[in-house]
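Spelled out from the first residue to the last, the chains are:
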Amino acid sequence: MLLKLYEKNNDPQDLQQVVDILNDGGLIIYPTDTMYAIGCHGLKERAIERICRIKNIDPRRSNLSIICYDLSVISEYAKVNNDVFKLIKRNLPGPFTFILNGTTRLPKIFRNRKEVGIRMPDHAVIREIARMLNAPIMTTTLPYDESEDIEYATDPELIEEKFGKTVDLVIDGGMGEISCSTVVDCTGEEPEIIRQEKGILD
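Note that the coordinates shown come from a computational prediction; the quantities given were computed from them, not determined experimentally.

Caption draft 1: Inspection of the overall build of the protein chain at higher detail. Regarding its fold elements, the protein chain presents seven helices and ten strands. Taking 202 residues into account, the globule formula puts the C-alpha radius of gyration at 17 Å, and the protein chain, at 16 Å, falls close to it. Each principal axis of the C-alpha atoms in the protein chain carries an extent, and together these give about 45 × 35 × 35 Å. Considering the protein chain as a whole, with its 202 residues, one finds that 51% of them fall into the buried category. Sequence separation of at least 24 residues holds for 65% of the intrachain contacts in the protein chain that already meet a minimum separation of 6. When the accessible surface of the protein chain is summed, it comes to about 10,200 Å², and 43% of that surface belongs to carbon and sulfur atoms. Within the protein chain, the 33 negative side-chain charges are centred at a point lying 7 Å from the centre of the 25 positive side-chain charges.

Here you go:
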């Protein structure tokens, strides 16, 4: 199912429909400030396991990431010291994934790695959904085969054609990008950029 949403002035019932799907353990595809992504309720382990199977991710070997609505929520799910908080505050919302040590508020599937990626995309639609959900959204980029033209992943109608039977809802937020977030590891003594992509650290 394809649902058209806009940066603002969306019908509250449309937004509530997305929240209900997430609360029921469903999977959605949605726009971010980088590529379209696939996600679920970040505290529902079975839904997270479904995404890991779709992406062929082993959660014991790969970091999982969540979208938080705002800065005040991050400390519930990740350990943040003052310096890291200042760094995050300067750069979020934006195209970054900050790797932090997770807290026990996260489901067991995250605690295999003891770390969590924190995203706060500069995109009104998905942040409003996270706010209404009142919970983090587990997030990962769309699966794609390197032999395919990645351009399909920017067009919500093509995305729906490809993944419509795999997920419960595809949000049409207009044409997406093919860039990824910059990944910053904040688990050591000094923050370290481990993947330089769209985001330029301030």
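Having seen the model, we can carry on.
Caption draft 2: Layout of the nonpolar core. Grouped together as the largest cluster of nonpolar side chains are 42 residues, with contacts concentrated most on Ile29, Ile74 and Phe110. Of all the secondary-structure elements, those providing two or more residues to this core are strand 3 (37–41), helix 2 (45–55), helix 3 (71–77), helix 4 (82–91), strand 5 (94–101), helix 5 (108–111), strand 6 (115–120) and helix 7 (156–163). In terms of residue count, helix 2 provides more of this core than any other element does, four residues in total. Beyond its immediate sequence surroundings of up to four residues, isoleucine 74 is in contact with Cys68, Val80, Ile88, Leu92, Leu100, Ile118 and Met120. Core analysis: the next-biggest nonpolar cluster, separate from the first, contains 20 residues, Leu15, Ile129, Leu133 and Ile171 among them.

About the criteria used
Residues numbered from 1 in each chain as written. Predicted model: local features only at pLDDT ≥ 70, side-chain atom pairs only at ≥ 80, totals over all residues. Heavy atoms only, no water. Helix = DSSP H or I, 4+ residues; strand = E, 2+ residues; numbered from the N terminus. Rg over C-alpha atoms; globule rule 2.2 N^0.38 Å. Buried < 20%, exposed > 50% of the residue type's maximum accessible area, 1.4 Å probe, protein only. Contact = heavy atoms within 4.5 Å. Areas by Shrake-Rupley, 256 points an atom, 1.4 Å probe, with all protein chains shown as cover. Lys, Arg positive; Asp, Glu negative; His and termini not counted. Charge placed at Lys NZ, Arg CZ, Asp CG, Glu CD. Core = buried A, V, L, I, M, F, W, Y, C linked by side-chain atoms within 4.5 Å.

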